[in-house]
Amino acid sequence: MKKKEPEIIFNVHDDSELEALAKAYVQAASARGMTATQAKEVLGQIWREDIAEPRKKENLLQMPLEETPEQNEFREKVKKFVEHYPEFNYSSPNHPNYQFYKEFTVETICAICKMFDEEDYITQSSMKRYLRDYFRQTSKHPFYYNFYTIEQFPSCLLGRLGKLVFKTTGPSNSFWQQVDTSFIPMFSDEDHVEKNFVRIDFLREPHHKRSEYDCRMNPTIINIINLIWVIETFF
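The present account deals with the structure reproduced in this document. What you see is a predicted model, and the numbers here were worked out from it, not measured in a lab. (Residues numbered from 1 in each chain as written. Predicted model: local features only at pLDDT ≥ 70, side-chain atom pairs only at ≥ 80, totals over all residues. Heavy atoms only, no water.)

### Focus: the environment of Asp-117
Residue position: Asp-117 is located in helix H4 (residues 98-118). Linking Asp-117 and Gln-71, residues 46 residues apart in sequence, is a C-alpha distance of 9.1 Å. Side chain to side chain, Asp-117 and Gln-71 meet in a polar contact 3.1 Å long. (Helix = DSSP H or I, 4+ residues; strand = E, 2+ residues; numbered from the N terminus. Polar contact = N/O pair within 3.5 Å; in protein donor to acceptor, adjacent residues only side chain to side chain.)

Printed below as a string of structure tokens:
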């Protein structure tokens, strides 16, 4: 195992220019009646605003921030989807901030599907990084790109697709079932489903939609395609 490198202690007296600037700042702060702690806080604030944040922006993923007309049209379907299925929302309807969280859910789904349009390959980690960087550039609310929000909610949202129950057109001799598009799928936590009702993994249509894309499938990509198919088909 690599040994820890000794910490290099910077000696301000070895840099006459920096020492002069530091003394000028300390004297100016003292003249204004500031304490040493307050002076450090001001330096920290300036460092964050002038150094840390610009560096963070430089390292953001570069992606188109504007939605295409097709993506705008899809957004209207997403709103209906989220309205119909409160189970997919970030919080329950009785939460005092439910409207805020519902809008966040809409934005998250739209951003995920926007990424699907733009990227050749997606993993769970690349999806989270895309969402974090996208929301940092498009949203003024820190909740949108909060570490814990991004780490948990997108994967949780996609996982809930497995709870949807679809009506099929009737018995089938093959593994894949044909969906009855006149029946909007139900959200159900129950393990058992009635005859002619199946989970999304057994449907022919989303399986065919996945075959349209020339990429190596993984659970994240499969769930995104399933989500797009559900929204486009029923809303």
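Picking up after the structure, the text goes on.
### Topic: the side chain of Asp-180
Structurally, Asp-180 can be placed in the loop between strand E1 (164-167) and strand E2 (186-187). Polar side-chain contacts of Asp-180 include one of 2.6 Å to the side chain of Ser-182. In this structure Asp-180 touches Lys-167, Thr-168, Thr-169 and Phe-234, once residues within four positions along its chain are discounted. (Contact = heavy atoms within 4.5 Å.)

### Brief notes about the sheet that holds E2
Taken in spatial order, the three strands of this open sheet run E2-E1-E3, and their pairing is antiparallel. This sheet does not close on itself; its edge strands, each paired only once, are E2 and strand E3 (197-199). Taken together, the three bridges between E1 and E3 define a ladder with antiparallel strand orientation. Across the sheet, residue Lys-167 finds its bridge partner in E3, namely Phe-197. (Pairing = 2+ DSSP bridges.)

### Quick notes on the pairing of E1
Where E1 and E2 come together, two bridges link them in antiparallel fashion. Across the sheet, the residue bridging to Leu-164 is Phe-187, located in E2.

### Considering the packing of aromatic side chains
Counted according to the given criterion, the structure contains 27 aromatic pairs. Feature note: the residues Tyr-90, Phe-100, Tyr-101, Phe-104, Tyr-130, Tyr-134, Phe-135, Phe-143, Tyr-144 and Phe-153 constitute an aromatic cluster, connected by ring pairs. (Phe/Tyr/Trp six-rings, centres within 6.5 Å; stacked < 30°, edge-to-face > 60°.)

### Considering helix H1 (residues 16-31)
For H1, built from 16 residues, the straight-helix expectation of 22 Å at 1.5 Å per residue is met to within 8% by its first-to-last C-alpha distance of 22 Å. Gly-33 sits one or two positions beyond H1 and adopts a positive phi of about 80°. (Expected span 1.5 Å × (residues − 1).)

### Details of the environment of Lys-128
Residue placement: Lys-128 occurs in helix H5 (residues 124-138). Lys-128 gets classed as buried once you look at its relative accessible area, which sits at 12%. Considered as a pair, Lys-128 and Thr-149 are 21 residues apart in the sequence and their alpha carbons are 9.7 Å apart. What Lys-128 contacts, discounting residues up to four positions off in sequence, is Ile-150, Glu-151 and Ser-155. (Buried < 20%, exposed > 50% of the residue type's maximum accessible area, 1.4 Å probe, protein only.)

### Digging into the nonpolar core
Judged by nonpolar contacts, the single largest core of 45 residues is most densely connected at Phe-81, Ile-109, Phe-166 and Val-230. Within the residue set of this core, elements represented by two or more residues are helix H3 (69-84), H4, H5, helix H6 (147-159), E1 and helix H8 (219-234). The element that contributes the greatest number of residues to this core is H4, accounting for 10 residues. Among all residues touching Phe-81, those that are not within four sequence positions of it are Phe-88, Ile-109, Leu-227, Val-230, Ile-231 and Phe-235. (Core = buried A, V, L, I, M, F, W, Y, C linked by side-chain atoms within 4.5 Å.)

### As for the packing of H5 against H6
Viewed as axis vectors pointing N to C, H5 and H6 meet at an angle of 120°, and their least axial separation amounts to 10 Å. Considering the angle they form, H5 stands oblique to H6. Considering the relative orientation of H5 and H6, their crossing is right-handed. Where H5 abuts H6, its residues Gln-124, Met-127, Lys-128, Leu-131, Arg-132 and Phe-135 lie against Ile-150, Glu-151, Pro-154, Ser-155 and Leu-158. Of the residues assigned to the contact of H5 with H6, the class counts are six nonpolar, two polar and three charged. (Axes fitted to C-alpha atoms, helices over the stretch in contact; angles between N-to-C directions. Parallel < 35°, antiparallel > 145°, perpendicular 65-115°, else oblique. Left-handed = near helix turned anticlockwise from the far one by under 90°. Nonpolar A, V, L, I, M, F, W, Y, C, P; charged D, E, K, R; others polar.)

### Some thoughts on H3
The first and last C-alpha atoms of H3 sit 23 Å apart over 16 residues, in line with the 22 Å expected at 1.5 Å per residue. Within H3, burial applies to Gln-71, Phe-74, Arg-75, Val-78, Phe-81 and Val-82. With its buried residues spanning 120° around the axis, H3 presents them on a single face. The outward face of H3, more than 90 degrees from its buried face, is lined by the exposed residues Pro-69, Glu-73, Lys-80 and Glu-83. (Arc of directions from axis to C-beta.)

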